[in-house]
Amino acid sequence: MTSANTKRLQVAICGAGIGGLTFALALSRYPDIDIEIYESARALTEVGAGIGIFPRPWKVIKMLGLEADLLQVTETAVVDGSVSGFRYRKSDQYEGKDFFTLVTQGSLMLFHRADYQQTLLNHLPKRCRTHCSKRLRSYTQRQSGPIELSFEDGTMASCDVLVGADGVKSAVRAGVLGEKARWAKGEGKWKEAAEILQHVDPIWSGATAYRALIPAQKLQAIAPNHQVLHTPGVQYLGKQGYIIAYRISGSKFINFVAFVVQHHLENTTFNGPWMSTVDVSAFSSTFTHWEPDVQILLSCVEKPMQWAIHTVRPMQSFVSGRVALLGDAAHSMTPHQGSGAGQAIEDACILAAVLGHPSTDRTNVAHRALRVYDSIRCPYAYRVMEASRINGRYFTLRLDEDGAIDIDKLPPKQQWEYLQRLGHAIVKNWEWAWTTSIDTALQEALRLLES
């Protein structure tokens, strides 16, 4: 980093995914803040397929000037009023049935992750320097002076503020929790130290996703009237899992994700690689007796990517001194509300706002700006994390935690009433995404800074 003291703050960002790059772009609006980005991968590539962005984080997208370019790479139109979105079907039977259509206030914007990342890179100013093949080994921070960063390749760097946007296996999170545990031990709080360290390693959610991109032309050739080609998207639900499919990249591809869910294995250890390319047979048996629309989609899938979905145990704080976490490093959640990316974007917005505030400098950043960020984002992100977990239960046709009611054993009228209650529960659990605004959180953050 530049050694000149002309910069108000020198900020290092570990991780150049959606959260890290959005934060860098938001922070770049403040010319007196120096920004360095460290990415562990050899090149900037985004893993994954489709992402959804609800109206809350879309407001941030507009603030950052990304809207026009992103609208060039999606078939989703921006609508402010009521929007009919995904259709929900009970599909674990030969004759599937529609039972619910999600109606939101404002559009759920759908993108290919690579398109979103490239748009961010196109807008990132050159003064935001990016370094690849830089995996953080550890950091050291003291009461005063710069934070010292040590990378796996033996190089060193320094900064005033370190932001960990390095994903679910975050090295920065390990450092944050490690130093908090050391402080607790120093005060003789051995039990508290052990509890803190329980949050370092991610835990398996019990769900495994199988992702693929299906060329839309391929599906069109087999089934020209398939629902996925003519609706915003469809979720096919069953007791052992569900499938979501929708168009992305200007309708060139179908984003296909099949979830196999084992609720009884939540918070256990996943045996095997978290991500790997597998054959369709690795998961198709779960959906063998599902409706014909599902079988058609399965016949189009080639070389799916298996993804064992891991989360992090909720922590008391995203901050330690002058180090802060955002995105999956702080609150890796299940994808059942399509809000992981959106929450990382919201983190980026609030953190950039408090660091960029004129009153923030090296002397007060730890006890003012970062504490405000933590007080705003930590409780909210964890509420969203739990809501996403609950959606995962609903999408496997469980209204209650233990799945005591077997929907297939209910008479037809009661089964239909159950499905209607399920649809209502999904809306109540999810409506925060389109009935609340990031403006409220942003205003509260600035109020706390200025009070």
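The structure displayed is predicted, hence computed values, not measured ones. (Residues numbered from 1 in each chain as written. Predicted model: local features only at pLDDT ≥ 70, side-chain atom pairs only at ≥ 80, totals over all residues. Heavy atoms only, no water.)

Caption draft 1: A look at the overall build of the chain. Check the secondary structure of the chain and you find 15 helices and 19 strands. Since a compact globule built from 451 residues should have a radius of gyration of about 22 Å, the 22 Å found for the chain is in line with a globular shape. Overall, the chain is about 70 × 50 × 45 Å in size when its C-alpha atoms are taken along their principal axes. Once local pairs closer than 6 in sequence are excluded, the contacts in the chain between residues at least 24 apart make up 74%. Put simply, the chain shows about 19,200 Å² of open surface, and 52% of that area lies on carbon and sulfur atoms. (Helix = DSSP H or I, 4+ residues; strand = E, 2+ residues; numbered from the N terminus. Rg over C-alpha atoms; globule rule 2.2 N^0.38 Å. Contact = heavy atoms within 4.5 Å. Areas by Shrake-Rupley, 256 points an atom, 1.4 Å probe, with all protein chains shown as cover.)

Caption draft 2: Quick peek at the environment of valine 79. Examined against the element boundaries, valine 79 turns out to sit in the loop between α3 (67-70) and β4 (82-90). As a C-alpha pair, valine 79 and aspartate 98 span 19 residues in sequence and 24 Å in three-dimensional space. If sequence neighbours within four positions are ignored, valine 79 has contacts with Gly106 and Ser107.

Caption draft 3: Examining the nonpolar core more closely. In this structure, Phe23 and Leu149 are the most contacted members of the largest nonpolar core, which totals 128 residues. A per-element tally of this core places helix α12 (residues 365-394) first, with 15 residues. Apart from the residues lying within four places of it in its own chain, the contact partners of phenylalanine 23 are Val11, Ile13, Val163, Leu326, Ala348, Leu351, Ala352 and Leu355. Ranked by size, the runner-up nonpolar core spans 25 residues in total, among them Ile214, Ala216, Val278 and Val294. (Core = buried A, V, L, I, M, F, W, Y, C linked by side-chain atoms within 4.5 Å. Buried < 20%, exposed > 50% of the residue type's maximum accessible area, 1.4 Å probe, protein only.)

Caption draft 4: Region of interest: the pattern of salt bridges. A full pass over the atoms with the stated rule returns 27 salt bridges. For glutamate 291, the salt bridge identified is with arginine 89, shortest N-O distance 2.9 Å. Of this pair, glutamate 291 sits in the loop between β16 (275-277) and α9 (292-300) while arginine 89 is found in strand β4, placing the two residues 202 residues apart along the sequence. With respect to class, glutamate 291 is no different from arginine 89; both count as buried. Glutamate 346 is the partner of arginine 377 in a salt bridge, and the nearest nitrogen-oxygen pair spans 3.2 Å. Taken together, the positions of arginine 377 in helix α12 and glutamate 346 in helix α11 (residues 340-356) put the pair 31 residues apart, joining distant regions of the chain. Its relative accessible area of 1% is what places arginine 377 among the buried residues. By sharing partners, the salt bridges in this structure join Lys90, Asp92, Lys239, Asp406 and Asp408 into a single network. (Salt bridge = Lys/Arg side-chain N within 4 Å of Asp/Glu carboxyl O.)

Caption draft 5: Quick look at the side chain of glutamate 36. For glutamate 36, the position within the fold is in strand β2 (residues 33-38). Reaching out from glutamate 36, the side chain makes a polar contact with the side chain of arginine 129 at a distance of 2.7 Å. (Polar contact = N/O pair within 3.5 Å; in protein donor to acceptor, adjacent residues only side chain to side chain.)

Caption draft 6: A look at the pairing of strand β3 (residues 50-53). Going residue by residue along β3, you find Gly50 and Gly52 tucked away on one face and Ile51 and Ile53 tucked away on the opposite face as well. As paired elements, β3 and strand β6 (residues 109-112) share four bridges and run antiparallel to each other. Along β6, the bridge assignment pairs isoleucine 53 with methionine 109. (Pairing = 2+ DSSP bridges.)

Caption draft 7: A look at the UniProt feature "domain: FAD-binding" (unreviewed entry) in the chain. According to UniProt, the positions carrying the feature "domain: FAD-binding" (unreviewed entry) are residues 9-176 and 312-387. End C-alpha atoms of residues 312-387 are separated by 15 Å, and the span's content is 58% helix alongside 7% strand. (UniProt positions renumbered as here; feature names shortened; annotations may be inferred.)

Caption draft 8: Region of the structure containing the pairing of β4. Pairing of β4 with strand β5 (residues 97-105) involves seven bridges; the strand directions are antiparallel. Residue pairing across strands places serine 82 opposite glutamine 105, the latter belonging to β5. With antiparallel pairing between neighbouring strands as the criterion, β4 and β5 make up a hairpin whose turn holds six residues. Inspection of the sheet shows β4 paired to strand β13 (residues 234-238) by four bridges, in the parallel sense. Within β13, the position partnered with arginine 89 by the bridge is tyrosine 236.

Caption draft 9: Molecular detail of unusual backbone geometry. In this structure, serine 133 is a non-glycine residue whose phi angle is positive, near 55°. Mapped onto the fold, serine 133 is located in the loop between β7 (129-131) and β8 (136-140). Not every positive phi belongs to a glycine, and serine 251 is a case in point at roughly 65°. Relative to the elements of secondary structure, serine 251 occurs in the loop between β14 (241-248) and β15 (253-261). Classification of serine 251 as partly exposed rests on a relative accessible area of 25%.

Caption draft 10: The arrangement of the packing of α11 against helix α15 (residues 438-450) in detail. At a closest axis distance of 10 Å, the pairing of α11 and α15 adopts a crossing angle of 25°. Taken together, α11 and α15 sit at an angle that is classed as roughly parallel. As for how α11 packs across α15, the hand of that crossing is right-handed. Each of Glu346, Cys349, Ile350, Ala353 and Val354 in α11 lies in contact with α15, whose residues at this interface are Ile438, Ala441, Leu442, Ala445, Leu446 and Leu449. (Axes fitted to C-alpha atoms, helices over the stretch in contact; angles between N-to-C directions. Parallel < 35°, antiparallel > 145°, perpendicular 65-115°, else oblique. Left-handed = near helix turned anticlockwise from the far one by under 90°.)

Caption draft 11: Quick look at the packing of helix α1 (residues 18-27) against helix α4 (residues 113-123). Orientation of α1 relative to α4, taken along the N-to-C sense of each, is 25°, at an axis distance of 10 Å. Of the possible angle classes, the one that applies to α1 and α4 is roughly parallel. Crossing of α1 over α4 shows left-handed handedness. Touching Ile18, Leu21, Thr22 and Leu25 of α1 are Arg113, Tyr116, Gln117, Leu120, Leu121 and His123, all from α4. For the contact of α1 with α4, the class distribution of residues is six nonpolar, three polar and one charged. (Nonpolar A, V, L, I, M, F, W, Y, C, P; charged D, E, K, R; others polar.)

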